[in-house]
Amino acid sequence: MASNQKNLSDYSQKNIKDISQSKFAIVVSEWNEEVTEALYQGAYETLLGNGATKENIIRKNVPGSFELSIGAQWMAEIEDIDAVICIGCVIQGETKHFDFICDAVAHGITNVSLKYNKPVIFGVLTPNTQKQALDRAGGKYGNKGDEAAITAVKMLGF
Ligand code: DLZ
């Protein structure tokens, strides 16, 4: 699982389907905004770089990662949305809040994906520190937003 050993930011272009007509929603948590904005930019640019059009990418903000599940559901229930990308960053603190939020969002996003039979991608960082987060949001370990986007694109091709 160590993300410093696997970096999809340098993904292979093979088996990428034509997404010029595909519609995407990106749900962005406002908590740890510096990190989530960088992840969002990575995801957005990666979709465009692979042929998606600006008109076919909608953005929905939510206050924190806990709200990503309902935000994803609002987007998934829109009929012509093909895939939803959830962007968040939960930083380990001194209390158990971290565990509850991470658990809830992982289960919530999975449930939305299965309920609507659409890819709903987990672009949520769960680091111990903000530095670890920034390393993965355009820093030395790439941008996990790019990876979330390419995962969505790949899922549409399977
Ligand atoms: C409350 C909270 C805390 C302590 N930490 C984070 C965090 O690191 N990342 C994040 O995305 N959200 C955090 N939140 C906010 C919760 O996700 C949620 O918005 C609130 O608990 C209200 O439901």
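First, a word on what this report is: a plain description of the structure on this page. (Residues numbered from 1 in each chain as written. Predicted model: local features only at pLDDT ≥ 70, side-chain atom pairs only at ≥ 80, totals over all residues. Heavy atoms only, no water.)

1. Structural notes on the sheet that holds strand 2 (residues 57-62)
Sheet strands pair by backbone hydrogen bonding; their relative direction is either parallel or antiparallel.
Argument step 1. The four strands are arranged 2-1-3-4 in an open sheet whose pairing can be described as parallel. Edge positions in the sheet fall to strand 2 and strand 4 (120-125), since each has one partner strand and no second. Neighbour-to-neighbour, the strand axes of the sheet open up by a mean angle of 15 degrees, direction not taken into account.
Argument step 2. Pairing analysis gives five bridges linking strand 1 (residues 24-29) to strand 3 (residues 83-89), with the strands arranged parallel. Bridged to Ile 26 within strand 3 is Ile 85.
Argument step 3. Its contacts with the sheet place helix 3 (residues 97-116) against strand 3 and strand 4, and it is angled at close to 165 degrees to strand 4. (Pairing = 2+ DSSP bridges. Helix = DSSP H or I, 4+ residues; strand = E, 2+ residues; numbered from the N terminus. Axes fitted to C-alpha atoms, helices over the stretch in contact; angles between N-to-C directions. Contact = heavy atoms within 4.5 Å.)

2. Quick look at the layout of surface pockets
Argument step 1. Size it by volume and the second largest pocket reaches roughly 250 Å³.
Argument step 2. The greatest single-element share of the lining of the second largest pocket, amounting to three residues, is contributed by helix 3.
Argument step 3. Along the lines of polarity and charge, the residues of the lining of the second largest pocket split into seven nonpolar, six polar and two charged. (1 Å grid on protein atoms, 1.4 Å probe; cavity = no way out; pocket = protein on both sides within 12 Å on 5 of 7 lines; lining within 4 Å. Points joined across faces, edges and corners; volume = space filled by probe spheres on them. Nonpolar A, V, L, I, M, F, W, Y, C, P; charged D, E, K, R; others polar.)

3. Examining the pairing of strand 2
Argument step 1. Where strand 1 meets strand 2, six bridges bridge the pair, whose relative direction is parallel. In the strand pairing of strand 2, Ile 26 is matched with Arg 59.
Argument step 2. Handedness of the strand 1-helix 1 (residues 33-49)-strand 2 crossover: right-handed. (Right-handed = clockwise from strand over helix to strand, strands pointing away.)

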